[in-house]
Amino acid sequence: MGNTVKRIAVFCSGGDAPGMNAAIRAVVRIGNYHDLHVYGIYNGYDGLIKGDITRLEKGDVANIIHKGGTVLKTARCAEFMTKEGRQKAYNTLMANDIDAIIAIGGNGTFTGASIFYSEHKFPVIGIPGTIDNDIFGTDYTIGFDTAVNTAIDSVDKIRDTADSHNRLFFIEVMGRDSGYIALYTGLGSGASGIMIPESTIDVDVLVKELEKMVIKKKLFGLVIVAEGNENGNAQEIADLIAKRFSDYETKVAVIGHLQRGGSPTAMDRVLATRMGHGAVEGLLAGQKNVMCGIHNNEVVFVPLKDAIKKIKPIDDSLLSLPAKLS
Ligand code: F6P
């Protein structure tokens, strides 16, 4: 192994995701297990630039494994996108004798980390933490499972009122560029339709599917729409449908940031714990400029450039299931 990693720092960046705390806990405790000094950086890259850094001991991460959000806070930081900002961040790391960093976040976080590595050759490992599950190279990202469970819980409640009033609901879930939350929420809640950015369903096709509901004597319907759906968000799709299809009264519900909070599910806690452990072990084994992901239930290290640039495929065939099942 022969490494020189003795002092590491961990931070979160971008949108928060339930399970980030479990990952922070794992990094600190596995770091301590290996006699490393572990530091926490507050407010993401902004804190790295400003020197907002504190030593974290075992007890500092007690009682957080079950908490949503992130105890280290998070931010999106425009200054880190500049060379000057990244130089200041490097200065902070040098001033604190940090040997390597662990960045928990999504695509924007990894893009920053990768540029930082190419400029300063500073060892960095990314942990995928985003509810969107849109990172190539890992089967799941931290927070996705919790967000889907939260969304399904809300859809179940909407189902009750949709059923009572014989209404057609268009329910918007998060996912600016990605349909994973919509796909899993739709399949898990028995929706009649799912609309996602990766596969634009023509509104004509949706109308035809909805007409079949009338023939099948279905009394109510649920359509899940990802916020980034190309031909319209839930309100826009509902307006288009209402003009062409009057058999049901239409209603819209936007679940929004509810999906980002709450206690992480067991799946997210275990995923975060494995990734936090994997990232520290990876640094000690000389890994750098990589993401620590999970593929086929094994910890894997994926070059950050692949995690950022390559598109994680979504299984299109799953999109045809609601029409067959409902
Ligand atoms: O990337 C996670 C995510 O929740 C997206 O699904 C959503 O579009 C975005 O963040 C919202 O970001 P913000 O909280 O900054 O509005």
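Preceding this section is the structure that the text describes.
Residues numbered from 1 in each chain as written. Predicted model: local features only at pLDDT ≥ 70, side-chain atom pairs only at ≥ 80, totals over all residues. Heavy atoms only, no water.

A. Main features of helix H5 (residues 144-165). End to end, H5 covers 31 Å across 22 residues, agreeing with the expected 32 Å (1.5 Å per residue, within 8%). Where H5 is concerned, the buried positions are Phe 144, Thr 146, Ala 147, Val 148, Ala 151, Ile 152, Ser 154, Val 155, Ile 158 and Ala 162. On its buried face, H5 is in contact with strand S6 (167-173), helix H6 (180-189), strand S8 (221-226), strand S9 (249-254) and helix H9 (266-284). One or two positions beyond H5, positive phi appears at Asn 166, with a value near 55°. (Helix = DSSP H or I, 4+ residues; strand = E, 2+ residues; numbered from the N terminus. Expected span 1.5 Å × (residues − 1). Buried < 20%, exposed > 50% of the residue type's maximum accessible area, 1.4 Å probe, protein only. Contact = heavy atoms within 4.5 Å.)

B. Local environment of the layout of surface pockets. The volume enclosed by the largest pocket comes to roughly 820 Å³. As for the largest pocket, its lining consists of 39 residues, and the residues nearest its centre are Arg 76, Asp 132, Asp 134, Arg 176 and Asp 177. Mapped onto the lining of the largest pocket, the elements with two or more residues apiece are helix H4 (107-120), S6 and helix H10 (304-309). Tallied by class, the residues present in the lining of the largest pocket amount to 13 nonpolar, 13 polar and 13 charged. (1 Å grid on protein atoms, 1.4 Å probe; cavity = no way out; pocket = protein on both sides within 12 Å on 5 of 7 lines; lining within 4 Å. Points joined across faces, edges and corners; volume = space filled by probe spheres on them. Nonpolar A, V, L, I, M, F, W, Y, C, P; charged D, E, K, R; others polar.)

C. Examining the nonpolar core more closely. Ranked by size, the top nonpolar core spans 62 residues in total, and within it Ile 8, Ile 102 and Leu 222 carry the most contacts. Shared between two domains, this core takes at least three residues from each, and those domains are domain 1 (2-143 + 264-309) and domain 2 (146-260). What Ile 102 contacts, discounting residues up to four positions off in sequence, is Ile 8, Ala 9, Val 10, Phe 11, Val 27, Ile 125, Ile 127, Ala 279, Val 280 and Leu 283. The next biggest cluster of nonpolar side chains, apart from the first, holds 27 residues, and it includes Ile 101, Phe 122, Met 291 and Ala 307. (Core = buried A, V, L, I, M, F, W, Y, C linked by side-chain atoms within 4.5 Å. Domains from an automatic or database assignment.)

D. Focus on unusual backbone geometry. Non-glycine residue Lys 217 carries a positive phi angle of around 60°. Note on placement: Lys 217 falls in the loop between helix H7 (203-215) and S8. Take Lys 217: its relative accessible area is 69%, and that puts it in the exposed class. One non-glycine residue, Asn 297, lies in positive phi territory at about 65°. With respect to the helices and strands, the residue Asn 297 is situated in the loop between strand S10 (290-295) and strand S11 (298-303).

Read these as spatial facts, not as claims about activity.
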